[in-house]
Amino acid sequence: MVEAGGVESITQCSQELPQMMATAADGLGSIAIDTTQLNMSVTDPTAWATAMNNLGMVPVGLPGQQLVSDSICVPGFDPGLNMMTGITPINPMIPGLGLVPPPPPTEVTVVKEIIHCKSCTLFPQNPNLPPPSTRERPPGCKTVFVGGLPENATEEIIQEVFEQCGDITAIRKSKKNFCHIRFAEEFMVDKAIYLSGYRMRLGSSTDKKDSGRLHVDFAQARDDFYEWECKQRMRAREERHRRKLEEDRLRPPSPPAIMHYSEHEAALLAEKLKDDSKFSEAITVLLSWIERGEVNRRSANQFYSMVQSANSHVRRLMNEKATHEQEMEEAKENFKNALTGILTQFEQIVAVFNASTRQKAWDHFSKAQRKNIDIWRKHSEELRNAQSEQLMGIRREEEMEMSDDENCDSPTKKMRVDESALAAQAYALKEENDSLRWQLDAYRNEVELLKQEKEQLFRTEETLTKDQQLQFLQQTMQGMQQQLLTIQEELNNKKSELEQAKEEQSHTQALLKVLQEQLKGTKEFVETNGHSHEDANEINVLTVALVNQDRENSIEKRSQGLKSEKEALLIGIISTFLHVHPFGANIEYLWSYMQQLDSKISASEIEMLLMRLPRMFKQEFTGVGATLEKRWKLCAFEGIKTT
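These numbers come from a predicted model, not from an experiment.

**Q** Sorry, what's going on with the overall build of the protein here?
**A** Looking only at helices and strands, one finds 17 helices and ten strands in the protein. Expressed as a percentage of its 643 residues, the buried residues of the protein come to 25%. A separation threshold of at least 6 residues defines the contact pool for the protein, and within that pool the share at least 24 residues apart is 65%. A total accessible area of about 45,200 Å² is found for the protein, and carbon and sulfur atoms account for 56% of it.

What follows is the structure, given as structure tokens:
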């Protein structure tokens, strides 16, 4: 009877409670759990009797039973809010929750219930015991460690139990009593942690190998951490992109890019200049083109037409200014009229207050009323005075403007308006006349340019040949100029040498004259005193020695030191050449030899160098008559022997 009653009660519960669970599931949200896996078999009533006797509670085996509520296991679950913070998971079977249950208070302990599977049964731990401890949750954790498994538990049984928490991607089971399970999403780990502390029994066996106490904890996995880092980097990229979009949105717009000049763009710009709405944009483009230097003889007419349209915009601006000034005058007039109306009303209000303060009506008011009336009267008088001062200031400004107009313009306003209209018409006609004249000049310039271009096309070949001839002539002229410069330098050197020779000659002549005078004086002295002929000879010898000494001094002066290393090299080559020719060599023979070594050297330069060194080289005359020629010999060794 008891067993039958137990079976009937279980079947009744299984018939009534699926509707309750369906409504609860609709309120709590969708849970990705297969309800067929949570059905229990009622063919073994002894199992239910054993459960009631051991645990003292009615076992629950309902179709569609939820393992844990989705209210705390949502995809956006914060990893910091785990079991260690005291926020316990919600049991959807608690009565009184309704469709949308509120979060349970932290003081209320959640009563865990028996969970039945096809191959095993999960029994909760004693509610008086502390909840099982867990380590700190790693970032992006999708893997759990499951310890305390029965020795006979297979991978299929583990998957049957834990796939109720969500989609399992991998199960790594060890030979010992633990395994690692990796889920598809992070919130499924929280459902698996809920099973920590349950005692697992395979079937109805009481063997130790078929039972074990589960310990579910967070596990560190490199794949989870890598996926978490990828998500963080993706979020960082999204945040940077969002900030960049925000900065771009808040950044002031950059000025529009100015297009390059072309005839098509110039025609479009000319149309924009005539449009009032696009004038400001077009005038900046025109200014940039002119500053870039796009104006040339070909494009001058287009630019002139655009400048002319800009000038015509001045008249539009002046007309707009006149309309705005007229509107401002009308607004001033309206303001002045409204102000006079307000001032008259203020006068009336002040008159009412003055009348109420007279003795006839004043005595009938109470003390508080009199006080209020007095305050109101003073306030209205102050406002009346301020308004009157403002109105007087406006009238003074108008009088000053009128006086300025009278001093500047004609006395009658009508005549002034007529004259200004006539002046504007005359100015407009003048501008049109000037623009037509400038256009005519531009057309003439275009015609001249076209003529010149045609002439240039016919004369290109002639100009090319002329340019080549001019370049050739310029090169020849430069070569001739260089030759002239070298010749001038040589002439200057020769002039300086001639001047030195003339000075030496004049000096020797003066010395000879002095010596001749001295010789005459000595002869007369000898004749008068009767000295011997030997003394006269001695005097002649002395004079000759003095002349020779003076000549040697002049030669030494003329034979200055060597000016450059080139001259020293020439002296060495000439000395070796003359040493080989003991009978001497003429200057032409010597110059022909030296020209093989240096083509730029001249015979006059060699002769001047030989004349500057009389102690090394001497000149002798050989031959008679027509065969007479000058030869240079090396006399340096003779001078060394004499010294």
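**Q** Sorry if this is basic, but what is going on with the sheet that holds strand β5 (residues 178-183) here?
**A** Whenever strands of a sheet pair, they do so through backbone hydrogen bonds, lying parallel or antiparallel. Spatial ordering of the open sheet is given by β4-β5-β3-β8, a layout of four strands whose pairing is antiparallel. A single partner strand is all that each edge strand has here, and the edge strands are β4 (168-173) and β8 (215-218). Taking each pair of neighbouring strands and ignoring which way they run, the sheet shows an average axis angle of 20°. The sheet strands contacting helix α3 (residues 155-162) are β3 (143-147), β4, β5 and β8, and the helix crosses β4 at an angle near 140°.

**Q** Would you explain the pairing of β4 in this entry?
**A** The side chains of a regular strand alternate between both faces of the sheet. Bridge count for β4 against β5 is five bridges, and the pairing is antiparallel. For Ile-171, the partnering residue across the bridge sits in β5 and is Ile-181. Following β4, the chain reverses through four residues before pairing antiparallel with β5.

**Q** Which parts of the structure should I look at to understand the nonpolar core?
**A** For soluble globular proteins, nonpolar side chains are generally found buried alongside one another. Within the largest apolar cluster, 31 residues are counted, with the highest numbers of intra-cluster contacts made by Val-146, Phe-162, Ile-181, Phe-183, Leu-195 and Met-200. Where this core is concerned, the elements lending two or more residues are β2 (120-123), β3, α3, β4, β5, α4 (187-193), β6 (199-202) and β8. Ranked by residues supplied to this core, first place goes to α4 with five residues. With sequence-adjacent residues up to four places away left out, Phe-183 is seen in contact with Lys-142, Val-144, Phe-162, Cys-165, Gly-166, Asp-167, Ile-168, Thr-169, Met-188, Val-189 and Ala-192. Core analysis: the next-biggest nonpolar cluster, separate from the first, contains 18 residues, Ile-574, Met-594, Ile-606 and Leu-613 among them.

**Q** Sorry if this is basic, but what is going on with the UniProt feature "coiled-coil region" (unreviewed entry) in the protein here?
**A** UniProt tags residues 307-341 and 426-518 as "coiled-coil region" (unreviewed entry). Here residues 307-341 is 100% helix and 0% strand, with 51 Å between the C-alpha atoms at its ends.

**Q** I tried to follow the sheet that holds β6 on my own but got confused; where do I start?
**A** Spatially, the four strands line up as an open sheet ordered β1-β2-β6-β7, and their pairing is antiparallel. The sheet terminates laterally at β1 (115-116) and β7 (211-213), the two strands that pair on one side only. The pairing of β2 with β6 spans four bridges and is antiparallel. Residue pairing for β6: Cys-120 is matched across the bridge by Leu-202.

**Q** Help me out: how do you make sense of the side chain of Arg-201 in this one?
**A** Within the element layout of this structure, Arg-201 appears in strand β6. Among residues more than four places away in sequence, those in contact with Arg-201 are Cys-120, Thr-121, Phe-123, Asp-210 and Ser-211.

**Q** Explain the packing of aromatic side chains here, please?
**A** Tallied over the entire structure, the rule returns eight aromatic pairs. An angle of 65° between the planes, with centres 5.3 Å apart, marks the rings of Phe-577 and Tyr-589 as edge-to-face. Remark: Tyr-589 occurs in helix α15 (residues 587-597) and Phe-577 occurs in helix α14 (residues 565-580); sequence separation between them is twelve residues. When its relative accessible area of 8% is taken as the criterion, Phe-577 is described as buried. Classification of Tyr-589 by relative accessible area gives partly exposed; the value is 41%. Cluster of aromatic residues (ring-pair linked, three or more members): Tyr-261, Trp-289 and Phe-303.

**Q** Whenever I open this one, the packing of α14 against α15 confuses me. Can you help?
**A** A pair of packed helices is characterised by two quantities: the angle between their axes and the separation of those axes. Between α14 and α15, whose axes approach to 11 Å, the crossing angle comes to 130°. The orientation of α14 relative to α15 falls into the category oblique. As α14 runs across α15, the sense of the crossing is right-handed. When α14 is examined against α15, the residues Leu-570, Ile-573, Ile-574 and Phe-577 are found in contact with a partner set consisting of Tyr-589, Leu-590, Tyr-593, Met-594 and Leu-597. The class makeup of the residues in the contact of α14 with α15 is nine nonpolar, no polar and no charged.

**Q** What should I look at first to understand the pairing of β6 in this one?
**A** One ladder, built from three bridges, connects β6 with β7; its direction is antiparallel. Note on β7: the bridge partner recorded for Arg-199 is Arg-213.

**Q** I keep staring at the state of the cysteines and nothing clicks. Help me out?
**A** Disulfides are covalent bonds that connect the sulfur atoms of two cysteines. Throughout the structure, instances matching the rule amount to zero disulfides. Cysteine Cys-117 is unpaired, with the sulfur of Cys-120 as its nearest cysteine sulfur at 4.4 Å. On the basis of relative accessible area, Cys-117 is assigned to the buried category, the value being 10%.

**Q** When you look at the pattern of salt bridges in this model, what are you seeing that I'm missing?
**A** Should the charged atoms of two oppositely charged side chains come close, the side chains can pair. If you walk through the whole model with that rule in mind, you get 23 salt bridges. Of the charged contacts, one joins Arg-444 and Asp-441 as a salt bridge, the two residues approaching to 4.0 Å between their closest N and O atoms. Of this pair, Arg-444 and Asp-441 both sit in helix α11 (residues 413-458), three residues apart, roughly one helical turn. Lys-566 is paired through a salt bridge with Asp-598; the nearest N and O atoms lie 3.6 Å apart. With Lys-566 in helix α14 and Asp-598 in the loop between α15 and α16 (603-611), this pair connects stretches of sequence that are 32 residues apart. Through salt bridges with shared partners, a single ionic network connects Lys-142, Arg-182, Asp-224 and Glu-227.

**Q** Looking at this model, I keep getting lost on the environment of Glu-431. Mind explaining?
**A** Mapped onto the elements, Glu-431 comes out in helix α11. Along the primary structure Glu-431 and Gln-308 are separated by 123 residues, whereas in three dimensions their C-alpha atoms are 9.4 Å apart. Setting aside residues up to four positions removed in sequence, Glu-431 forms contacts with Asn-311 and Arg-315.

**Q** I keep staring at the environment of Asp-374 and nothing clicks. Help me out?
**A** Within the secondary structure, Asp-374 is located in helix α10 (residues 367-408). Take Asp-374: its relative accessible area is 26%, and that puts it in the partly exposed class. Asp-374 sits 17 residues away from Thr-357 along the chain, and the two C-alpha atoms are 8.0 Å apart.

**Q** Quick question: what am I supposed to make of the packing of helix α7 (residues 279-292) against helix α8 (residues 300-356) here?
**A** Where α7 meets α8, the closest approach of the two axes is 11 Å, and the angle between their N-to-C directions is 140°. What the angle tells us is that α7 and α8 run oblique. Along this stretch, α7 crosses α8, giving a crossing that reads as left-handed. In contact with Phe-279, Ile-283, Leu-286, Trp-289 and Ile-290 of α7, α8 contributes Phe-303, Met-306, Ala-310 and His-313. Counted by class, the contact of α7 with α8 contains eight nonpolar, one polar and no charged residues.

Criteria and thresholds
- Residues numbered from 1 in each chain as written.
- Predicted model: local features only at pLDDT ≥ 70, side-chain atom pairs only at ≥ 80, totals over all residues.
- Heavy atoms only, no water.
- Helix = DSSP H or I, 4+ residues; strand = E, 2+ residues; numbered from the N terminus.
- Buried < 20%, exposed > 50% of the residue type's maximum accessible area, 1.4 Å probe, protein only.
- Contact = heavy atoms within 4.5 Å.
- Areas by Shrake-Rupley, 256 points an atom, 1.4 Å probe, with all protein chains shown as cover.
- Pairing = 2+ DSSP bridges.
- Axes fitted to C-alpha atoms, helices over the stretch in contact; angles between N-to-C directions.
- Core = buried A, V, L, I, M, F, W, Y, C linked by side-chain atoms within 4.5 Å.
- UniProt positions renumbered as here; feature names shortened; annotations may be inferred.
- Phe/Tyr/Trp six-rings, centres within 6.5 Å; stacked < 30°, edge-to-face > 60°.
- Parallel < 35°, antiparallel > 145°, perpendicular 65-115°, else oblique.
- Left-handed = near helix turned anticlockwise from the far one by under 90°.
- Nonpolar A, V, L, I, M, F, W, Y, C, P; charged D, E, K, R; others polar.
- Disulfide = S-S within 2.5 Å.
- Salt bridge = Lys/Arg side-chain N within 4 Å of Asp/Glu carboxyl O.

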